[in-house]
Amino acid sequence: MIEVRNICKSYGNLQVLRDVCIDIGKNEIITIVGPSGAGKTTLLQIAGSLDRPDSGTVCYDGQDLARLNDRRLSEFRNRNIGFVFQFHQLLPEFTAVENAAMPALIAGTAKKKAMARAEELLAHLGLGDRLRHKPSEMSGGERQRTAIARALVNSPQVVFADEPTGSLDSANRDEIRSLIADLRRDFGQTFVIVTHDPSMNGIADRVINMADGRIIPPENHDD
């Protein structure tokens, strides 16, 4: 579904990614792990179209993102890609359902339809009784579930998650991890997750290790 080929990225004299290649298939859960500074978040941002590489290509079903201008890229991202961050980044003045509906409203979906879709997702995520609550009135786990609903509201091809459990306690980490597995089962959703949480690897189809801006190939063992 998504092909990332020969990605290089530098910031000044610091080379962050070095000739990185990765394929992301439909209905996969992939975790990306490695030490701080390995390039994990930069790879996530480039694969998710939030940043452009210095060289290399990112293609979604054959569509080369480098060929899209900024406006068309923003439209593509809004329709096809969802994001979940370590800190939920909800808008504090809006309710849970308003936050979750925001990408659909930006995409031009009628307000009634966008809100109904957001309510449906929040209910599915166990927040049916928290629709009108603002972020300050919700727990950390509830805020992160609202952020996941926001990421899913436009039925994207893929959700990129950067440390989605990093700011949560152990109970909420377990809850979010199980939730991601359930969403893949229920919606056929693809997740690419940067994480330092080793338990997250338990739900992954593939674990990608990174160090020094490169993907570390799995060890080959002789029979």
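Scroll up to find the structure this text is about.
What you see is a predicted model; the values in this text were computed from it and never measured.

**Student:** Would you mind showing me how to read the packing of aromatic side chains here?
**Tutor:** Each aromatic ring pair is described using two quantities: the centre-to-centre distance and the angle formed by the ring planes. Overall, the coordinates contain three aromatic pairs when judged by the stated rule. On the basis of an interplanar angle of 85° and a centroid distance of 5.2 Å, the ring pair of tyrosine 60 and phenylalanine 76 is categorised as edge-to-face. One end of the pair, tyrosine 60, is in strand β4 (residues 55-60); the other, phenylalanine 76, is in helix α2 (residues 70-80), and 16 residues separate them in sequence. Assigned by exposure class, tyrosine 60 and phenylalanine 76 land together as buried. When the centroid spacing of 6.2 Å and the interplanar angle of 25° are considered together, the rings of phenylalanine 83 and phenylalanine 160 count as stacked.

**Student:** Would you mind showing me how to read the pattern of salt bridges here?
**Tutor:** Taken as a whole and assessed by the stated rule, the structure comprises 15 salt bridges. Arginine 52 is paired through a salt bridge with aspartate 70; the nearest N and O atoms lie 3.3 Å apart. Placement of the pair is arginine 52 in the loop between α1 (40-47) and β4 and aspartate 70 in helix α2, with a sequence separation of 18 residues. Here the salt bridges do not stand alone but share partners, grouping Lys9, Asp51 and Asp54 into one network.

**Student:** Explain the nonpolar core here, please?
**Tutor:** As a rule of thumb, soluble globular proteins bury nonpolar side chains together. Counting 35 residues, the largest nonpolar core has Ile29, Leu122, Ile148, Ile180, Leu183, Phe191 and Ile193 as the members making the most contacts within it. The set of elements that each furnish at least two residues to this core consists of α3 (96-106), α4 (111-124), α5 (140-152), β7 (158-162), α6 (170-187) and β8 (190-194). The residues touching phenylalanine 191, leaving out its near neighbours within four places in the chain, are Glu28, Ile29, Ile30, Val159, Ile180, Leu183 and Arg184.

What counts and what doesn't
- Residues numbered from 1 in each chain as written.
- Predicted model: local features only at pLDDT ≥ 70, side-chain atom pairs only at ≥ 80, totals over all residues.
- Heavy atoms only, no water.
- Phe/Tyr/Trp six-rings, centres within 6.5 Å; stacked < 30°, edge-to-face > 60°.
- Helix = DSSP H or I, 4+ residues; strand = E, 2+ residues; numbered from the N terminus.
- Buried < 20%, exposed > 50% of the residue type's maximum accessible area, 1.4 Å probe, protein only.
- Salt bridge = Lys/Arg side-chain N within 4 Å of Asp/Glu carboxyl O.
- Core = buried A, V, L, I, M, F, W, Y, C linked by side-chain atoms within 4.5 Å.
- Contact = heavy atoms within 4.5 Å.

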